[in-house]
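Residues per chain are reported as follows:
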Amino acid sequence: MTATTTGSPPAATASPSSGLSTGGATGVHENVACPFCGILCDDLEIGRTASGLKVRKNGCDRAVAGFERPVVTSSPQIAGRDVSLAEAVTEAARLVRAARLPLFGGLGTDVEGMRAVMSAAEHAGGVVDHAFSEGQYRNFEVLQTTGWFMSTLTETRNRADLIVIVGSDIHKLHPRFFERIVATPEPMFLGAGKKRTVVFIGAGLDTSAATGGHIGEVISLPCPIAAVGEVVSALRARLKGVPLAAKDIAGIAIAKIDDLADRCRKADYGVMVWAPPSLAFPAADLTVRIVSDLVKDLNLTTRFACLSLGGNEGAVSAGAVSTWQSGFPLRVSYASGKPDYDPVRFAAERLIARRETDLVLWVASFTPDLVPPESDIPTVLLGVPGMTLAAQPAVYIPVGTPGADHAGRLIRCDNVVSLPLRNLGRSTLPSVATVLAAIEHAL
């Protein structure tokens, strides 16, 4: 099917019904939290002009793309036909009510939006799963079975003298991680004159941001990303004094692994860092488990911790809210009238591929990139304007972005704080929470 686009470029002056701000108000917002990656940098300066928002300070490529994205003129639609919001809500509710097993997927929304998802799914007897949960489950499976030692962004920034990046191109996923956490100019507890060592395990990782006055050595151990678990296993073995007959592991000389083992022993505070979306290979949860077990071993003699990043498109918030309200971290079904958890059966990708769901209600309020999977299953889309789709949804309702178009909250990638998101007045599009509450009311 020919690709369709929800929305078109805005005219110079938007109509009152378009959801765009029509005034010429200007101003500058300081210390703004950015919702476009899981680190939630909260030091941005955002200007507001008559034509939209402008990142003036401390922005990255993701922040610029998110805040400065034009909000195109867009109307609710039923099968491609423009309708009122009330009509779209009524039709969406009809489809949800008629579905045997509706899937609430995507889930690119804030805490309030995710609360509304859980409520609507419970009312409708549906399944809840985030688009990025496959990566999250590489963590969940370890946390559920063995537990771990976990650091925070603040602890890592202020205490770590050894940071080991495990198989993850973090600079690509979280562009300001090195600037704000690794290469910060004034760590509180690193010690006078002490330098921080940064180690990258994996080939093709961007090391360019590991620079600054407090960065000492930057070490790369290039190996295939799918083999980082083998390297970490060898590192754990050498720390235990286990001899290895091989001269190298996944192309890394044993001598280099021994050198890293010695650095780990001598570290005052070491942190093993990864981003779950980067570990996209079979049985990647075993790599996370090996890293976690290595950290447990090191804590017998020194202080070591894990730090998992991720959380883009509201993924961490979705998992947290699901846990609060159902007791389970996503992949929850309310078909029986109570929360039923199965991380295999209720995976969104599987339900769609096997057509075990007959309706997809897809939520994407941060970026136009989080599009629904291609399928002929009817779709209700609550998405930002400007999404390019492979097929026309049965119902489309344009929604605003938390932190730009309306206020909200998100949980940071380290799961220790929720940060408030401001209404910067970019548009008057409704929030996901508002639209879902209306749909649930109409069920």
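Here's what I pulled together on the structure shown here. Keep in mind the model is a prediction, meaning the values are calculated, not measured. (Residues numbered from 1 in each chain as written. Predicted model: local features only at pLDDT ≥ 70, side-chain atom pairs only at ≥ 80, totals over all residues. Heavy atoms only, no water.)

Turning our eyes to something else, we now look at the layout of surface pockets. A volume near 1000 Å³ is recorded for the largest pocket. If you trace the largest pocket, you find 49 residues lining it, with Gln136, Gly310, Gly311, Ala315 and Val316 closest to the centre. Looking at the lining of the largest pocket, the elements with two or more residues in it are α1 (61-67), α4 (133-145) and α11 (315-326). Ranked by the residues each element gives to the lining of the largest pocket, the list is headed by α4, at eight residues. (1 Å grid on protein atoms, 1.4 Å probe; cavity = no way out; pocket = protein on both sides within 12 Å on 5 of 7 lines; lining within 4 Å. Points joined across faces, edges and corners; volume = space filled by probe spheres on them. Helix = DSSP H or I, 4+ residues; strand = E, 2+ residues; numbered from the N terminus.)

Attention shifts here to the sheet that holds strand β2 (residues 27-32). Read from one edge to the other, the open sheet built from three strands follows the order β2-β3-β4, with strand pairing classed as antiparallel. Two strands lie at the open edges of the sheet, namely β2 and β4 (52-57), each paired on one side alone. Taking the axes of each pair of neighbouring strands and ignoring which way they run, one obtains an average angle of 30 degrees across the sheet. Where strand β3 (residues 44-49) meets β4, five bridges bridge the pair, whose relative direction is antiparallel. Within β4, the residue paired with Arg48 across the bridge is Leu53. (Pairing = 2+ DSSP bridges. Axes fitted to C-alpha atoms, helices over the stretch in contact; angles between N-to-C directions.)

Backbone geometry at Asn58 places phi at a positive 65 degrees, although glycine is not the residue there. Counting through the fold element by element, Asn58 comes out in the loop between β4 and α1. In this structure, Arg355 is a non-glycine residue whose phi angle is positive, near 55 degrees. With respect to the helices, strands and loops of the structure, Arg355 is situated in the loop between α12 (348-353) and β18 (359-364). By relative accessible area, which is 47% here, Arg355 ends up partly exposed. (Buried < 20%, exposed > 50% of the residue type's maximum accessible area, 1.4 Å probe, protein only.)

Moving on to the side chain of Ser431. Structurally, Ser431 can be placed in the loop between β23 (418-421) and α13 (432-442). Looking at Ser431, its side chain comes within polar contact range of the side chain of Thr434, at 2.8 Å. (Polar contact = N/O pair within 3.5 Å; in protein donor to acceptor, adjacent residues only side chain to side chain.)

Tallying each qualifying case throughout the model produces zero disulfides. With no disulfide of its own, Cys34 has Cys60 as its nearest cysteine by sulfur position, at a separation of 5.7 Å. Among the residues examined, Cys34 registers a relative accessible area of 8% and is labelled buried. Take Cys37: it sits in no disulfide, and the sulfur closest to it among the cysteines is that of Cys41, at 5.7 Å. Judged by its relative accessible area of 10%, Cys37 falls in the buried class. (Disulfide = S-S within 2.5 Å.)

With that out of the way, let us pick up the sheet that holds strand β21 (residues 395-398). Spatially, β6-β5-β21-β19-β18-β7-β8-β16-β17 is the arrangement adopted by the nine strands of the open sheet, whose pairing is mixed. At either margin of the open sheet sits one strand with a lone partner, and together these are β6 (81-82) and β17 (340-341). Both strand β19 (residues 379-383) and β21 contribute to a ladder of four bridges, which runs parallel. By the bridge assignment for β21, Leu382 is matched with Ile397. Where helix α3 (residues 111-124) meets the sheet, its contacts fall on β7 (102-108), β8 (127-128) and β18, and the angle it forms with β7 comes to roughly 175 degrees. Contacts from α13 reach β18, β19 and β21, with the element oriented near 145 degrees to β19. (Contact = heavy atoms within 4.5 Å.)

This part is about the packing of α3 against α11. Interaxial distance between α3 and α11 falls to 9 Å at its minimum, and their mutual angle equals 45 degrees. Regarding the angle of α3 to α11, the classification is oblique. Where α3 crosses over α11, the two elements pack in a sense that is right-handed. The residues of α11 that touch α3, namely those facing Val111, Met114, Arg115 and Met118, are Ser317, Ala318, Val321, Ser322, Trp324, Gln325 and Ser326. For the contact of α3 with α11, the per-class residue count stands at six nonpolar, four polar and one charged. (Parallel < 35°, antiparallel > 145°, perpendicular 65-115°, else oblique. Left-handed = near helix turned anticlockwise from the far one by under 90°. Nonpolar A, V, L, I, M, F, W, Y, C, P; charged D, E, K, R; others polar.)

Once that is clear, we can look at the pattern of salt bridges. A complete count under the given rule lists 21 salt bridges for this structure. When the shortest N-O distance is used, the salt bridge between Asp258 and Arg238 registers 2.6 Å. Here Asp258, found in helix α9 (residues 254-266), pairs with Arg238, found in helix α8 (residues 228-239); they are 20 residues apart in sequence, far enough to count as distant. Asp258 gets classed as partly exposed once you look at its relative accessible area, which sits at 26%. (Salt bridge = Lys/Arg side-chain N within 4 Å of Asp/Glu carboxyl O.)

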